[in-house]
Amino acid sequence: MPRPLAHAQAHPAFGWQQIADGLRGWRLALENGRIWEEDADWPDEALRSRWAETLKELELPRLTKRYPELIDPLLFRLLEMVVQLSEALAASSEGAKAKGGSDDTPTSLPQGEGGDQAEDLSQRGPRGGAVPRPDAEPSEEDPSPEALGERLAQIFTLLHFIQALQIVSGYRGEGERCYGQGQAGPTPPGPEQEAEWLEGVLPHLLVRRRSREKETERKEGALVETLQTAAGADRICAQMEAASGEALPVLWAALVAATLPCLPQLSCDPNASRVISKLMSQPLFTGELRSRIINRLRGSLFHLVRDKHGCWIVQQGLQSGGLEFVEALVVELRGRVLTCSRHMYGNFVLQRCIELFPAKAVHPMLGELVGNAVAASLNLYSGRVLQRIMEHCNHENEHMKQILDSLLESEALGRLVTSAHGHNVLRSMLLRASAPRVQSLVAFFLEGDLLSCARNRHASLVLESCLEALCRPDLAEPLRPARGALVERILGSEGEEDPLFVRVALDRFGNYVCQRVIVISQGAEAQRVLSLIALMGPKLRRTTNGRHILQAARSKFGPLENKSKESNA
């Protein structure tokens with residue numbers, strides 16, 4: 001009598017209709033090369049998940065679709081597992097009741113129907129190791145039904161799935177014929193032949209797995225080579241832009257798998273870096289994938305910061321990598337901020353850091369610049385970093401106060417005001433500086449050679465910014481005296497024949513200072529401006545710089561002819 005039928009008669013309440021429906025579902029799935037998981041209710045969850053996991057790991061659905069003759073042996077083994085698990089649990093429950101124990105705690109594996117095979121399997125662990133025999137003393141902690149089910153599943157999947165794969169691999173012992181040449185199917189090996197049988201089959205399976213790994217490595221290597229060419233990088237970027245739906249995660253996963261082993265090197269490649277930057281800008285750059293990429297770049301970030309192409313990868317990471325990327329970069333830049341700020345590529349990364357980092361991450365960086373603020377301001381690259389610091393950092397921070405105080409010292413101002421790079425740092429500072437600091441800069445101009453500053457390319461720009469800062473709404477009242485003194489110094493007092501305004505109005509740089517004075521003038525200051533323009537009228541109309549002055553005056557006061565008549569009247 002067939003074994004399933006014998007069990008059906010011995011166990012009428014076993015649920016054979018459910019088993020039959022389940023087997024039909026598994027058969028249909030395996031015929032179509034799928035793992036049947038949706039709406040599956042047989043066998044129990046622990047055994048079903050283990051079965052599906054093993055099918056997927058051994059790629060059996062693909063094989064069963066190509067070789068349908070595999071399906072019957074597989075389903076027969078599944079049914080065997082379910083029956084033996086049921087018998088084991090039932091016997092364990094009866095034994096526990098007899099001893100006064102828990103109903104659902106089995107103490108050992110009984111010998112199920114089939115005798116020798118069940119007894120032999122009860123002595124084998126998941127990897128061929130020993131497990132307690134039925135007549136052994138129970139352990140302190142008996143296995144749960146779930147653990148027992150997983151144990152049986154591991155035993156059967158290891159032994160019988162390999163036996164099923166034997167059909168496809170063509171392996172047979174001496175004197176046996178391959179399946180498909182007259183033999184009905186594989187014969188399960190007995191306990192005495194099992195070691196020899198596994199010794200012959202397992203190497204074959206290991207070779208197949210290694211072959212798949214080599215093929216994967218070959219494909220990933222080809223993809224990496226493609227990334228390093230201009231045409232290949234363009235094509236992959238275009239594919240990412242065109243991909244949508246389910247195709248995008250697949251493409252993403254393939255690129256990440258291929259680039260991850262050599263990600264730091266590819267980030268410095270002129271072509272591959274474009275693809276990596278685009279990868280990091282994708283909406284999928286979150287969660288586990290983002291962590292994998294960031295962890296791979298750890299230890300190489302400082303090198304990337306100073307690379308022409310790598311610095312763009314770091315900036316893209318700051319933009320979309322979240323706090324995790326920020327923390328990784330802060331660690332690698334510790335003690336290297338000044339060096340990085342003076343680098344032709346590193347300074348761009350630091351500027352991005354200051355714009356995006358939270359205050360608690362930026363303040364330690366400021367500490368590394370405290371003693372070198374003036375020298376950094378005079379440098380082409382680090383001067384840009386100081387500008388971003390002035391624009392984005394809190395001026396009342398302790399490190400920031402020290403930097404500002406060092407920049408506003410009289411000797412430092414003398415160098416910075418006329419510096420090609422330092423003057424930009426001062427102008428950025430004036431946008432948010434407090435009243436005392438603006439007043440310090442006004443005092444420098446009043447006490448120094450204002451005429452030379454107005455005629456200097458760089459100092460004239462600082463003077464313009466200073467005039468603008470004096471008109472800021474939050475500083476207008478406290479700086480009213482300083483503003484009045486500086487404007488009077490430029491316009492001169494009533495009756496003065498050759499004021500500073502007249503002397504620099506036709507200068508290539510000084511005329512911009514005069515235009516700024518015209519814009520901010522009010523009341524008596526405006527009248528003084530109009531009188532000086534009227535006095536210089538013919539000269540202003542004959543030169544380009546003079547016409548700039550006249551245009552600024554018309555924008556401020558309207559037609560100057562009417563103003564002249566009113567003044568004469």
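Everything here concerns the structure above.
Figured I'd write up the structure that's included with this text. Remember, it's a predicted structure, so these values are computed and weren't measured experimentally. (Residues numbered from 1 in each chain as written. Predicted model: local features only at pLDDT ≥ 70, side-chain atom pairs only at ≥ 80, totals over all residues. Heavy atoms only, no water.)

As for the side chain of Asn 347
Right, so step 1: One can find Asn 347 in helix H18 (residues 346–356).
Right, so step 2: Excluding its chain neighbours within four sequence positions, the residues that come into contact with Asn 347 are Cys 340, Ser 341, Tyr 381, Arg 384 and Val 385. (Helix = DSSP H or I, 4+ residues; strand = E, 2+ residues; numbered from the N terminus. Contact = heavy atoms within 4.5 Å.)

Some points on a positive patch on the surface
Right, so step 1: Taken together, the side chains of Lys 539, Arg 541, Arg 542 and Arg 554 present a region of like positive charge at the surface.
Right, so step 2: The element best represented in the positive patch is helix H32 (residues 537–542), accounting for three residues.
Right, so step 3: Looking at the secondary structure, you find Arg 541 in helix H32. (Patch = residues over 30% accessible without salt bridge, like charges linked within 9 Å, V, L, I, M, F, W, Y side chains within 5 Å. Areas by Shrake-Rupley, 256 points an atom, 1.4 Å probe, with all protein chains shown as cover. Salt bridge = Lys/Arg side-chain N within 4 Å of Asp/Glu carboxyl O. Lys, Arg positive; Asp, Glu negative; His and termini not counted. Charge placed at Lys NZ, Arg CZ, Asp CG, Glu CD.)

Focus on helix H30 (residues 510–520)
Right, so step 1: Buried residues dominate H30, accounting for eight of its eleven residues.
Right, so step 2: All of the buried residues along H30 are Gly 510, Asn 511, Val 513, Cys 514, Gln 515, Val 517, Ile 518 and Ile 520.
Right, so step 3: On its buried face, H30 sits against helix H26 (450–455), helix H27 (459–469), helix H28 (480–491), helix H29 (500–504), helix H31 (524–535) and helix H33 (544–557). (Buried < 20%, exposed > 50% of the residue type's maximum accessible area, 1.4 Å probe, protein only.)

Points about the nonpolar core
Taken as a class, soluble globular proteins show a tendency for nonpolar side chains to be buried jointly.
Right, so step 1: Residues Leu 329 and Phe 445 are the most contacted members of the largest nonpolar core, which totals 120 residues.
Right, so step 2: Contacts of Phe 445, omitting those with residues within four sequence positions, involve Val 417, Leu 450, Cys 453, Ala 459, Val 462, Leu 463, Cys 466, Leu 486 and Arg 489.
Right, so step 3: In terms of nonpolar packing, the next biggest core, distinct from the first, is built from 24 residues, Trp 26, Ile 35, Leu 63 and Val 83 among them. (Core = buried A, V, L, I, M, F, W, Y, C linked by side-chain atoms within 4.5 Å.)

A closer look at helix H15 (residues 310–320)
Right, so step 1: The element H15 is largely enclosed, with a buried count of eight among its eleven residues.
Right, so step 2: When we look at burial in H15, the residues that qualify are Gly 310, Cys 311, Ile 313, Val 314, Gln 315, Gln 316, Gly 317 and Leu 318.
Right, so step 3: As for H15, its buried residues are in contact with helix H11 (263–267), helix H12 (272–280), helix H14 (301–305), helix H16 (322–333) and H18.
Right, so step 4: Phi turns positive one or two residues past the end of H15, at Gly 322, with a value near 75°.

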